[in-house]
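# Fold and geometry: a report
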Amino acid sequence: MSDENRKTHRLKHAKPLLVELKAWADDQISARVTSQGLLGAALDYLVKHWESLIRYLDEGYLKPDNNTAERHMRPIALGRNWIFAGSD
């Protein structure tokens, strides 16, 4: 799929779901959930990072996750175990 087609597809299918999710999260925060619980903390995080979450809707070449970056950082994280290998 081309970047432009992917963007059009996301705007048609993903954006309405995200708008509904945001409305639900705002409703939960304002009416029922305290920010001290786990759900409240998760909803606060969602609202705080909302602009970053929906950024992938603006451009077709963007991905909705950071799996590529995580995959490239994995060897570094695993290598931390080797730092002290063989030392007392």
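These remarks concern the structure in this document. Computed from a predicted model, the values in this text were never measured in an experiment.

### Concerning the overall build of the protein chain
Along the protein chain, the regular secondary structure elements total four helices and zero strands. Listed by position from the N terminus, the elements making up the protein chain come as α-α-α-α. Counting only residues that meet the buried cut, the protein chain has 16% of its 88 residues in that class. For the protein chain, long-range pairs separated by at least 24 residues make up 56% of all intrachain contacts whose partners lie at least 6 apart in sequence.

### Points about the environment of Met1
Considering the arrangement of structural elements, one finds Met1 in the segment before α1 (3–31). Looking at Met1, the relative accessible area reads 65%, which means it is exposed. Spatially, the C-alpha atoms of Met1 and Gly60 are 9.3 Å apart, while their sequence positions differ by 59 residues. Ignoring any residue separated from it by four or fewer positions in sequence, one finds Met1 in contact with Arg6 and His9.

### Focus on the side chain of Arg10
Tracing the backbone shows Arg10 in helix α1. Among buried Asp, Glu, Lys and Arg side chains, Arg10 stands out as unpaired, with Asp3 the closest opposite charge at 7.6 Å. Beyond its immediate stretch of four places on either side in the chain, Arg10 contacts Lys15, Tyr56, Leu57, Glu59, Gly60, Leu62, Lys63 and Pro64.

Reading guide: rules and limits
- Residues numbered from 1 in each chain as written.
- Predicted model: local features only at pLDDT ≥ 70, side-chain atom pairs only at ≥ 80, totals over all residues.
- Heavy atoms only, no water.
- Helix = DSSP H or I, 4+ residues; strand = E, 2+ residues; numbered from the N terminus.
- Buried < 20%, exposed > 50% of the residue type's maximum accessible area, 1.4 Å probe, protein only.
- Contact = heavy atoms within 4.5 Å.
- Lys, Arg positive; Asp, Glu negative; His and termini not counted.
- Salt bridge = Lys/Arg side-chain N within 4 Å of Asp/Glu carboxyl O.

Geometric descriptors of this kind do not, in isolation, establish any biological role.
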